[in-house]
Amino acid sequence: MRQLFRSSSSKHGMVPKGHLAVYVGENNHRSRFIVPIRYLNHPLFHELLRSSEEEYGFNPPMGGITIPCSESDFACYLNKMQQFSCADHSNCIKSSF
């Protein structure tokens, strides 16, 4: 699962159409993930963005969206966003945070 979303490109500017890059990690170790833009509408991703805002404000350390969680937790969140339909969003959020 992680390999589907983790950026392996050495050219960090290359993001496929319909996707966005986010930086994920804690402390000084962060990895770049490429996620579909449709996740921006998912309530679980909204929660991740809120935690990013609380941690970094509007001046993230990597210059882009930075999510303050472990890579393994983020991979679990991505998996949940893939699995749950719109009707299941509230259940997804309750079980994740």
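It should be noted that the structure appears before, not after, this text.
A. Representation of the pairing of strand β1 (residues 19–26) within the structure. Note: β1 against strand β2 (residues 29–36), eight bridges, orientation antiparallel. In the sheet register, His19 faces β2, and the bridge partner there is Pro36. Pairing geometry for β1 and strand β3 (residues 66–67), over two bridges, is parallel. Residue Val24 lies in a different strand from β3, and its bridge partner there is Ile67.

B. Local environment of the sheet that holds β1. Within the open sheet, the three strands sit side by side as β2-β1-β3. Their pairing is mixed. Strands with a single pairing partner mark the edges of an open sheet, and in this sheet they are β2 and β3. Across the sheet, helix α3 (residues 71–83) is in contact with β1, β2 and β3; its angle to β2 comes to roughly 10 degrees.

C. View of the side chain of Ser31. The residue Ser31 is located in strand β2 in this model. Within the structure, the side chain of Ser31 is placed 2.6 Å from the side chain of Glu71, a separation counted as a polar contact.

D. Structural detail: the pattern of salt bridges. Considering all chains together, one arrives at one salt bridge under this definition. In this structure, Glu47 engages Arg50 in a salt bridge whose closest nitrogen and oxygen atoms are separated by 2.2 Å. You can see Glu47 and its partner Arg50 sitting in helix α2 (residues 43–56), three residues apart, about one turn around the helix. You can call Glu47 partly exposed: its relative accessible area is 25%.

The rules we used
- Along each chain, the written sequence defines residue order, and numbers are assigned to residues from 1.
- In keeping with the predicted nature of the model, local features appear solely for residues at pLDDT of at least 70, side-chain atom pairs appear and are counted solely at 80 or more, and the whole-chain, interface and lining totals rest on all residues.
- For the side-chain quantities, the full set of heavy atoms in the structure was used; hydrogens and water were omitted.
- Strands were regarded as paired on the criterion that DSSP finds at least two bridges between them.
- Strands are runs of DSSP state E lasting at least two residues, helices are runs of H or I lasting at least four, and both sets are numbered from the N terminus onward.
- Throughout, a contact is declared for two residues whenever any of their heavy atoms are within 4.5 Å.
- Angular values range over 0 to 180 degrees, each being the angle between N-to-C directions of two axes fitted as lines to C-alpha atoms, with helices fitted over their stretch in contact.
- Whenever two N or O atoms come within 3.5 Å, that pair is a polar contact, provided that in protein one can donate a hydrogen and the other can accept it, and provided that, for residues adjacent in sequence, both atoms are side-chain atoms.
- Salt bridges are counted wherever a side-chain nitrogen of Lys or Arg sits within 4 Å of a carboxyl oxygen of Asp or Glu.
- The rule is simple: take the accessible area with a 1.4 Å probe, protein chains only, and divide by the maximum for that residue type; under 20% is buried, over 50% is exposed, in between is partly exposed.

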